[in-house]
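# Architecture at a glance
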There are 2 protein chains.
Amino acid sequence: MNDIHTSTLDCGATLAVEPIDGVRSAAISLLLASGNAYDPSNAIGRAALWSEILLRGAGAHDARAQADLFDRLGASRSSDAGRVMFRIGASMLGERLADAIKPMAEMVLEPRFDAEAVENARELSYQAIESLRDDPQHRAVLSARERHFAVPYNRSGYGLTDHIRAMSRDDLRDGWMRSASPRGAVIGVAGAVDHERVRAQLNDALGSWLADGERIVPGDAPPRGYAHEDDDSNQAQIIIVHDAPYDGHDDRVLERLLTSVLSGGMSSRLFTEVREKRGLCYSVSASYTAEKAFGSVSAYVGTTPERAQESLDVLHAELVRIGTAEGAVTAEEFERARTGLKSRLVFAGESTSARAAAIAGDIARIGRARSLGEFADELDRVTLDRLNEYAQRRELGRLTVQTLGPAALRPPAGVAEA
Amino acid sequence: MNDIHTSTLDCGATLAVEPIDGVRSAAISLLLASGNAYDPSNAIGRAALWSEILLRGAGAHDARAQADLFDRLGASRSSDAGRVMFRIGASMLGERLADAIKPMAEMVLEPRFDAEAVENARELSYQAIESLRDDPQHRAVLSARERHFAVPYNRSGYGLTDHIRAMSRDDLRDGWMRSASPRGAVIGVAGAVDHERVRAQLNDALGSWLADGERIVPGDAPPRGYAHEDDDSNQAQIIIVHDAPYDGHDDRVLERLLTSVLSGGMSSRLFTEVREKRGLCYSVSASYTAEKAFGSVSAYVGTTPERAQESLDVLHAELVRIGTAEGAVTAEEFERARTGLKSRLVFAGESTSARAAAIAGDIARIGRARSLGEFADELDRVTLDRLNEYAQRRELGRLTVQTLGPAALRPPAGVAEA
């Protein structure tokens, strides 16, 4: 596994570089504490607009000239407004990274917010919101999220049409210049790179970076419980969300193993119990997401309306059963889950863009970058007893159950209607 | 770039192995001349059923035991019925490949077709067909395909509900044992592997493989032209398909460059003309697919019903304009397209599963595996004059234009209603 070089840039941002032998590509991932949870309560959708506007002109380059510049470098850019962190990323040949750093820094320091760019971004936001109507699975996920997490961590990321319409260019630009701060910013770089050279280039490009940053003001406890949304589609969408360890918690490795036992392959419990034995559904899965201060597991079943009630019942039963003595993880399941996670570690380690994003995310969430070897060691130290002890003591918290389809379902015992 | 070792196995199948330095993962991709174009005309959906059934038991292992076995190896399997080739693939650590080869060979030689596995596969097929109703973009793509290509290359891949219901276990098993032949079969392996050892292991595991194989009987010329499908969704889906070089053709590299000029990045023509300048759509793209005997470019716009007509007009105009003297590719566009394709080559070369699939596909389509270096050299030899000469002489053939949404559109001049 590779070494990771972490340092603080002159501007105050944290840099982590993981040189990878034998590759020619390089990836850079810049995280800012400017995700959609930072949107002002009367400007929900601000980060979504930024994610399009930043790709449309900075410094001396208007949208077209900037696109030409990155395409000439063979660099593919992306920009996403996450829940907490706003991410700007790019992949290219390692030998081109030096030429890409300055224009990437300009995207942060001198975005132009040209009128045409702002209007294009606004139009795209409206259309993205509109197209949700045709995507029942995604709508169910967003409804579950809205009721499971506290404000403002519960936002869809798409924003609200009225707010998007009301934001002026100045609002958007001033907000960005205030929010995009080197404090809390993290830059991850991985691949065919020299860590000292990258550091010097970034110090050069970001030397003048100064901004206060913004704060998130958490709201009241979320409602959770059961809710149904009527929809005339031909499928029933079912989501269950429960609490899970935050990212820096010692139990994180254990939760990842449990999620893998439930949903890590064709021998996993959800696949065999919900899909194979009972033929209940087309698609079933569970995934674990860990933020800095909280975590969650979200389980999903997509099925026919006729099978929806039984699918919900079996899904809920499996999520609970793994925490009981009768449903304890077996030695076989444990080994399969561990082997699967280790294999996926190796696959991830061979992708420069996955590594750049991972080390930057680590620093943003837990304050330091984890090597792949560190997680492999953590997995090796887990015993079956420790895993089952965790499964039986962990608290799922108040569940959120969301259904979307032609008819409401009977929620699991103990889950109240919201 | 890496060497590729091609040889013929004792059973007659072709093997191509690309060892990649510096990686720990390995991938294997097995292609059989058993894709959905080989489905008998009264059993459309046979290959789709196979793709689920093969993952559910072979040799001494029933579905559950087989899933356990691969999960214990940390191997992730997949199986897809393509148009021409049926693909079985797996990724794992290189050190586990030896243990995965025999069970993979059993999936081909001794699939069990257990009653429960067959019924599960059937249920999944029904649900997949049903869920298409909620996916207007994909339905538009399938409708365009159905009218653009000759029977049986025009199939959706999902199969027909009545045919799926009518196929017996024996039909399915006998069909597989006849169709899955070493003749025309190709195995691609890439990553942390030793090519001579892999060859010996495959000869060992596949020594008894014998089957006649089946033939495709091509049907009449396809209708093409314009057709509209009414749909009450909130978006308009627009597809244009035209002819393009087959895979082994010298012009393939030129078509890839043209597609990249049209759709290769944020400075590409479709992105700037359709999405940015006119704000016409949410999503626009074009992609080039090359089979052994024919090729096609499929262009897509997803937009609002109000903007649908103008989007179709502009999309069509851009597809035609690149082949005119006024719309010739510029030197800048050419360099950007070439740089972009070369960067993506490097990214693809760092993925073992992409390489295993690519070298196997090469042999199936053009009879030999191409190294990444070969394509890079081909790109280097292209001149702007040669590219524009091609753009102006190429024939798009009779176009297929498909729309799906609340209202029919006016087709481009020269495109007749089907």
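Here we summarise the structure given alongside this text. (Residues numbered from 1 in each chain as written. Chains lettered and ligands numbered in written order. Predicted model: local features only at pLDDT ≥ 70, side-chain atom pairs only at ≥ 80, totals over all residues. Heavy atoms only, no water.)

The subject of this paragraph is the packing of helix 1 (residues 46-53) of chain B against helix 4 (residues 115-131) of chain B. All names here are of chain B. Close contact between helix 1 and helix 4 brings their axes to 9 Å; oriented N to C, the two are set at 125°. It follows that helix 1 is oblique to helix 4 by the angle criterion. The interaxial crossing formed by helix 1 with helix 4 has right-handed handedness. Taken together, the residues of helix 4 that come into contact with helix 1 (itself represented by Ala48, Leu49, Glu52 and Ile53) are Ala117, Val118, Ala121, Arg122, Leu124 and Ser125. Looking at the contact of helix 1 with helix 4 residue by residue, the classes come out as seven nonpolar, one polar and two charged. (Axes fitted to C-alpha atoms, helices over the stretch in contact; angles between N-to-C directions. Helix = DSSP H or I, 4+ residues; strand = E, 2+ residues; numbered from the N terminus. Parallel < 35°, antiparallel > 145°, perpendicular 65-115°, else oblique. Left-handed = near helix turned anticlockwise from the far one by under 90°. Contact = heavy atoms within 4.5 Å. Nonpolar A, V, L, I, M, F, W, Y, C, P; charged D, E, K, R; others polar.)

On to the packing of aromatic side chains, then. Residues and elements named next belong to chain A. Scanning the entire structure with this criterion turns up ten aromatic pairs over all chains. Ring geometry for tyrosine 153 versus phenylalanine 294: centroids 5.1 Å apart, planes at 65°, classification edge-to-face. Separated by 141 residues along the polypeptide, tyrosine 153 in the loop between helix 5 (136-148) and helix 6 (161-166) and phenylalanine 294 in the loop between strand 11 (283-290) and strand 12 (295-303) bring together distant segments of the chain. Judged by its relative accessible area of 19%, tyrosine 153 falls in the buried class. A network of ring pairs unites the aromatic residues Trp50, Phe86 and Trp176 as a single cluster. When the ring centre of phenylalanine 149 is taken as origin, the NZ or CZ atom of arginine 83, which lies over that ring, is 4.4 Å away. (Phe/Tyr/Trp six-rings, centres within 6.5 Å; stacked < 30°, edge-to-face > 60°. Buried < 20%, exposed > 50% of the residue type's maximum accessible area, 1.4 Å probe, protein only. Lys NZ or Arg CZ within 6 Å of the ring centre and 35° of its normal.)

The biggest cluster of nonpolar side chains holds 54 residues, and the ones touching the most others in it are Ile88, Trp176, Ile187, Val189, Leu206 and Trp209 of chain A. Contact partners of leucine 206 of chain A, with chain neighbours within four places excluded, come to Leu9, Cys11, Ala105, Leu109 and Ile187 of chain A. Core analysis: the next-biggest nonpolar cluster, separate from the first, contains 53 residues, Leu15, Ala75, Leu109 and Phe113 of chain B among them. (Core = buried A, V, L, I, M, F, W, Y, C linked by side-chain atoms within 4.5 Å.)

All names here are of chain A. Overall, mixed pairing links the five strands, which are arranged 9-13-10-12-11 in an open sheet. Both edges of this open sheet fall to strand 9 (225-230) and strand 11, since each of them pairs with a single strand only. Neighbour to neighbour, the strand axes of the sheet diverge by 15° on average, direction disregarded. With nine bridges connecting them, strand 10 (residues 236-244) and strand 12 associate as antiparallel partners. Opposite alanine 236, over in strand 12, you have threonine 303 as the bridge partner. The sheet contacts of helix 9 (residues 252-263) involve strand 10, strand 11 and strand 12, and relative to strand 11 the element is tilted by about 175°. Across the face of the sheet, helix 11 (residues 308-321) comes into contact with strand 10, strand 11, strand 12 and strand 13 (400-405) while running at roughly 15° to strand 10. (Pairing = 2+ DSSP bridges.)

A few words on the interface of chain A and chain B. Of the residues lining the interface, 61 residues belong to chain A; the matching set on chain B comes to 61 residues. Between chain A and chain B, the buried area comes to about 4900 Å², and carbon and sulfur atoms account for 48% of it. The interface formed by chain A and chain B holds ten salt bridges in total. A salt bridge links glutamate 332 of chain B to arginine 72 of chain A; its shortest N-O distance comes to 3.2 Å. Inspection of the region where chain A meets chain B yields 22 residue pairs in polar contact (both at pLDDT 80 or more). Elements supplying a minimum of two residues to the side of chain A that touches chain B: helix 2 (63-72), strand 7 (86-93), helix 4 (115-131), helix 10 (269-277), strand 12 and helix 12 (331-349) of chain A. (Buried area = accessible area lost by both parts, 1.4 Å probe. Salt bridge = Lys/Arg side-chain N within 4 Å of Asp/Glu carboxyl O. Polar contact = N/O pair within 3.5 Å; in protein donor to acceptor, adjacent residues only side chain to side chain.)

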